[in-house]
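Residue strings, one per chain:
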Amino acid sequence: YTLSLHDALPIWLEEARGEYVVFLDDDDELAPSMVEDGLAAIRNSDLPAPIAAMGIVEVRGPEGEVRGTYSNPRSMLGRAYQLELSESGSPVSTAAYNALLIPTRVLQSIGGFDPDLRAWEHDDLILRLNAVCSIETVPTVAVIMHDHGSDRRHADLLGCAIGIETTWSK
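Here the structure is a predicted model, which means the values were calculated and not measured. (Residues numbered from 1 in each chain as written. Predicted model: local features only at pLDDT ≥ 70, side-chain atom pairs only at ≥ 80, totals over all residues. Heavy atoms only, no water.)

Engineer: Would you take a moment to explain the pattern of salt bridges for this structure?
Structural biologist: Pairs may arise between side chains of opposite charge once their charged atoms sit close together. Tallying each qualifying case throughout the model produces four salt bridges. Note that R17 and E15 form a salt bridge whose closest N and O atoms lie 3.8 Å from each other. Of the residues examined, R17 reaches a relative accessible area of 65% and is grouped as exposed. Judged by its relative accessible area of 48%, E15 falls in the partly exposed class. (Salt bridge = Lys/Arg side-chain N within 4 Å of Asp/Glu carboxyl O. Buried < 20%, exposed > 50% of the residue type's maximum accessible area, 1.4 Å probe, protein only.)

Engineer: Just to check I follow, could you spell out helix α2 (residues 34–44) for this structure?
Structural biologist: Along an α-helix, residues three or four positions apart point the same way, because every turn accommodates 3.6 residues. Where α2 is concerned, the buried positions are M34, D37, G38, A41 and I42. Looking straight down α2, one finds that the buried residues subtend no more than 135° of arc, so they occupy a single side. Set apart from the buried face of α2 by more than 90 degrees, the exposed residues are E36, R43 and N44. In this structure, the buried residues of α2 make contact with β1 (20–22), β2 (28–30), β3 (51–60), β5 (100–103) and β6 (134–146). (Helix = DSSP H or I, 4+ residues; strand = E, 2+ residues; numbered from the N terminus. Arc of directions from axis to C-beta. Contact = heavy atoms within 4.5 Å.)

Engineer: What's the story with helix α4 (residues 121–130) in this structure? I'm lost.
Structural biologist: For α4, the buried fraction is high: 10 of the 10 residues fall into the buried class. Buried residues of α4: E121, H122, D123, D124, L125, I126, L127, R128, L129 and N130, and no others.

Engineer: Would you explain the environment of I51 in this entry?
Structural biologist: With respect to the helices, strands and loops of the structure, I51 is situated in strand β3. Through-space distance from the C-alpha of I51 to that of V132 is 9.1 Å; in sequence the pair is 81 residues apart. Apart from the residues within four sequence positions on either side, I51 is in contact with Y20, I42, S45, P103, C133, S134 and E136.

Engineer: Before we go on, may I ask you to explain unusual backbone geometry in this structure?
Structural biologist: Glycine aside, residues mostly have negative phi angles, and peptide bonds mostly take the trans form. The omega torsion of the bond from A49 to P50 falls at 0°, within 30 degrees of zero and hence cis. Along the polypeptide, P50 turns up in the loop between α2 and β3.

Engineer: Mind showing me how you'd approach a nonpolar patch on the surface here?
Structural biologist: Taken together, L24, L30 and V35 make up a surface patch of nonpolar side chains, about 220 Å² in accessible area. Relative to the assigned elements, L24 resides in the loop between β1 and β2. Residue class for L24 comes out partly exposed when judged on its relative accessible area of 44%. (Patch = residues over 30% accessible without salt bridge, like charges linked within 9 Å, V, L, I, M, F, W, Y side chains within 5 Å. Areas by Shrake-Rupley, 256 points an atom, 1.4 Å probe, with all protein chains shown as cover.)

Structure below.
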């Protein structure tokens, strides 16, 4: 029996007993050192606690070729995160949400993903997370994402618009 993320999240998040939570999509592969590297980044961070860690996502094509990498800048608790501009002047992306190592109690306190959002839910989560938690950058690959070429939910423009409107209203 398979549950979608939206169906299963409230169940497993309520029952989670570990100190940290990691998300993996069906096309993600956890890098062997993801948890160890993330915990080290949290321990060594000078950001205010609580702290989550976010590593690099490496995207691979069907033949295993590296197509690119995504990462995010560190962000102090309470900042607007992606609503601010990066050093290059472009908006910050939450492309690496699936490379997050989040304190379980923090994720539980914000309710995890908003089950009413069918697109833009990752951006919504990062904004709500960063309101209560610093996000430290991990300079190593945390997740390998296999690009299977099928449509992704972020291609649902109406769903994204509804997700953005819902998030802004919060």
